[in-house]
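Examination of the molecular architecture
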Amino acid sequence: MNKETEDVPQNDRPSRPLDAFDRKILRSLVQDARLSYAETGEAAGLSAPAVHERVKRLRASGTLKGMQATLDGALVGKPFLAFVHVDANGWGKSQRMIRLQAFPEVEEMHSVAGDTCVILKVRTASAQAMEQFLSQLYVLPGVRGTKSYVVLSTYLERPVQADVTHEWPQVPMPPE
């Protein structure tokens, strides 16, 4: 493994597939993580102790990574949202690039295939703050350029969903 990327977290698969009860529990927790085990059990069709055991197993396996509060970017002083595509030598997935996570403005970081190497979701206080963040990128060795896509409106922003679409429609959804 490349010395620069050996400590970079990888996407791992759970050791046991999720069943319908696990998915119901996760769906309930994604909607409202403050629910008690009894309330979650009602939604999943299980007892509170059974939900507690399953939640412990989901945490231990890494499937349930944690429960966070969802903040409003504008109300916490960071209304400027952009997706920054970084073009770098190689994949750009180096420890130097990973150090960008020290900035609380960086919400997501993805190594991708295509015409860019890394995509960042960055939320700042202003366009000027975004410019200052971009200046931090350009001093990283190997960074050749960036393309920033400023968000004007957000129609959907949600965490990973437990449900999976098993049968996609044969015909694309009709226009309204």
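What comes next concerns the included structure. Every value quoted in this text rests on a predicted model; they were computed, and no experiment measured them.

**Quick notes on the sheet that holds strand β1 (residues 80-88)**
Strands sit in the order β2-β3-β1-β4 across an open sheet of four strands; the sheet is antiparallel. Each edge of the open sheet carries a strand with a single partner, namely β2 (106-111) and β4 (143-150). With strand direction ignored, the average angle separating the axes of adjacent strands in the sheet is 20°. As judged from the five bridges shared by β2 and strand β3 (residues 118-124), these two strands associate in the antiparallel manner. By the bridge assignment for β3, His110 is matched with Ile119.

**Quick notes on the pairing of β1**
Among the nine residues that make up β1, seven are buried, leaving the element largely enclosed by the rest of the structure. The pairing of β1 with β3 spans seven bridges and is classified as antiparallel. Across the sheet, His85 pairs through a bridge with Ile119, a residue of β3. One ladder, built from seven bridges, connects β1 with β4; its direction is antiparallel. Across the sheet, the residue bridging to Val84 is Ser148, located in β4.

**Considering the pattern of salt bridges**
All chains considered together, the criterion is met by twelve salt bridges. Between Glu157 and Arg123 there is a salt bridge whose closest N-O contact spans 3.1 Å. With Glu157 in the segment after β4 and Arg123 in strand β3, the pair connects residues that are 34 residues apart, well separated along the chain. Of the residues examined, Glu157 reaches a relative accessible area of 45% and is grouped as partly exposed. Here the salt bridges share partners, and the residues they tie into one network are Glu107, Glu108, Lys121, Arg123 and Glu157.

**Structural notes on the nonpolar core**
Counting residues in each nonpolar core, the largest one holds 18 residues, and the members touching the most others are Val84, Val86, Met97, Leu120, Met130, Phe133 and Leu137. Counting only elements with at least two residues in this core, the list comes to β1, β3 and α5 (127-138). With five residues, β1 is the single largest residue contributor to this core. Aside from chain neighbours lying at most four places away, what touches Val84 is Val118, Ile119, Leu120, Val122, Met130, Leu134, Leu137, Thr146, Lys147 and Ser148. Counting residues in each nonpolar core, the second largest holds nine residues, with Leu26, Val55, Leu64 and Ala162 among its members.

Rules of the game
- Residues numbered from 1 in each chain as written.
- Predicted model: local features only at pLDDT ≥ 70, side-chain atom pairs only at ≥ 80, totals over all residues.
- Heavy atoms only, no water.
- Pairing = 2+ DSSP bridges.
- Helix = DSSP H or I, 4+ residues; strand = E, 2+ residues; numbered from the N terminus.
- Axes fitted to C-alpha atoms, helices over the stretch in contact; angles between N-to-C directions.
- Buried < 20%, exposed > 50% of the residue type's maximum accessible area, 1.4 Å probe, protein only.
- Salt bridge = Lys/Arg side-chain N within 4 Å of Asp/Glu carboxyl O.
- Core = buried A, V, L, I, M, F, W, Y, C linked by side-chain atoms within 4.5 Å.
- Contact = heavy atoms within 4.5 Å.

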